[in-house]
Amino acid sequence: MRKLLIILAFAGIATSTMAQDAEPVQKYSVATNSFWSNWFLQVGADWNAWYSSEEHGKDLASSPLKSFRSNPGVALAIGKWFTPGLGLRTKLQGIWGKTVYADAHGNPVGDNNKYWILNEQALFNLSNMLCGYNENRVWNFIPFAGAGIGRSMSHDTYAAGLSVGILNTFRLSRHVALNLEAGWNRMETDIDGGTGYSNGQRGWETHDNNLYAELGLTFNLGRATWDKVPDVDAIKALSQSQIDALNAQLNDANAENARLKELLANQKPAETPAAVKEFVQAPVSVFFNINKTNIASQKDLVNVESVAKYAKDNNTKLMVNGYADSATGKPAHNQWLSEERAKTVANELVKMGVSRDAITTKGNGGVDELSPISFNRRATVQVTE
């Protein structure tokens, strides 16, 4: 029996290794999820076989399918994965078992023994630990080991024990998997109601042993996947050109802010009509943000209102010139942008009461007349004689 178990264990490990090598996986670090994530519930049916300390020296058939030592059973477990490779579960299994011994004539006897075994087990997902986490992996190979307590309900006795085994899960969906499990519960001798063992027993025969094969389902409760850890190196390697572009936009914004502050600080109070006439003959500028046709600040319209008032009072005509900065955008786009900016300012003049017929607009395309660059994104209003 020991040789058979060793052969099966090595075969399972070798098969799993070949399967994982053939499967494409994505290796990356994962972040620890919250306590309420990655819980699971397992239900299953098993075929369990008992090897009792009572059968020492009787040379009974060791097949787990013999009726005097095997019965069906059921199992229920709840657990949690703390990492993709390490988890814990609490498992309850049992109901129908056998107390195995030989009668006075050496014939095998298996008395019914209703029992349960409760184990706390550590799970080791070798597929994730060795091959990297992959949420779409079909087959996961999971050895486990633990300890617990069992009770014979037929004989009202309790026993401590150890457990080991291999759990294979086959993904059906994100929240459901098929289980195929093989395990060994090594219990103290009174789990099956027997009287103990003699001094001649050693190793396997000194305890009651329960072997089982189980088929069942795993139900993942709530969140069942793991988040990828942010790639800090990739974040640090942000393109220097993008950083420079952001800095350039910030500098333009600071320059525009300084210009507006200076404009407000140097704004002159209303003077005599002659001074007003001299003022309105000089171009008045309205500024725009990069690639925009709407006026950046309504404060720029203060001087435009003075020009509009002068034009209405003196029945003069106005010329609106639009500009874009030649440092950005293609010439055709800059021409369109300058024309639209001129139209925007002309519409504001109409709102101020200037006749549309008294306004001429012109788009001058991209220019580099002023510094900083942002000052070239403008439209000017000027009185024409």
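Basis of the calculations
- Residues numbered from 1 in each chain as written.
- Predicted model: local features only at pLDDT ≥ 70, side-chain atom pairs only at ≥ 80, totals over all residues.
- Heavy atoms only, no water.
- Pairing = 2+ DSSP bridges.
- Helix = DSSP H or I, 4+ residues; strand = E, 2+ residues; numbered from the N terminus.
- Axes fitted to C-alpha atoms, helices over the stretch in contact; angles between N-to-C directions.
- Core = buried A, V, L, I, M, F, W, Y, C linked by side-chain atoms within 4.5 Å.
- Buried < 20%, exposed > 50% of the residue type's maximum accessible area, 1.4 Å probe, protein only.
- Contact = heavy atoms within 4.5 Å.

Some points on the sheet that holds strand β8 (residues 208–221)
One closed barrel holds the eight strands; their spatial order is β1-β2-β3-β4-β5-β6-β7-β8, and the pairing between them is antiparallel. With direction set aside, neighbouring strand axes in the sheet form an average angle of 25°. The sheet contact formed by strand β4 (residues 108–124) and strand β5 (residues 139–152) spans nine bridges and is antiparallel. In the sheet register, Trp 116 faces β5, and the bridge partner there is Arg 151.

Quick look at the nonpolar core
Among the nonpolar cores identified, the biggest contains 23 residues, and Val 304, Leu 318, Val 320, Val 345, Leu 349, Val 354 and Val 381 are the most heavily contacted of them. When contributions to this core are tallied by element, the ones reaching two or more residues are β9 (284–287), α6 (301–314), β10 (317–325), α7 (331–351) and β12 (378–384). Top element by residues in this core is α6. It accounts for six residues. Filtering out sequence-adjacent residues up to four positions away, Leu 318 remains in contact with Val 307, Ala 311, Leu 349, Val 354, Ala 358, Ile 359, Thr 360, Val 381, Gln 382, Val 383 and Thr 384. One finds Trp 50, Leu 60, Met 187 and Ile 191 within the second-largest nonpolar core, a separate group that totals 10 residues.

Here's the deal with the sheet that holds β9
Overall, mixed pairing links the four strands, which are arranged β9-β12-β10-β11 in an open sheet. Strand pairing shows two members of the sheet lacking a second neighbour, β9 and β11 (359–367), which therefore form its edges. Here the strands of the sheet are splayed against their neighbours by 20° on average, with no regard to which way each runs. As paired elements, β9 and β12 share four bridges and run antiparallel to each other. Looking at the pairing, Phe 287 lines up with Arg 378 of β12. Set on the sheet, α7 makes contact with β9, β10, β11 and β12; between it and β11 the angle comes to about 150°.

Points about the pairing of strand β2 (residues 70–81)
Put simply, side chains in a regular strand alternate between the two faces of the sheet. As paired strands, strand β1 (residues 39–51) and β2 are joined by 11 bridges and run antiparallel to one another. Bridge pairing links Trp 47 to Pro 72 in β2. Judged from the eight bridges that link them, β2 and strand β3 (residues 86–102) form a sheet pairing that is antiparallel. Across the sheet, the residue bridging to Gly 79 is Arg 89, located in β3. Linkage of β2 to β3, two consecutive antiparallel strands, is achieved through a turn of four residues.

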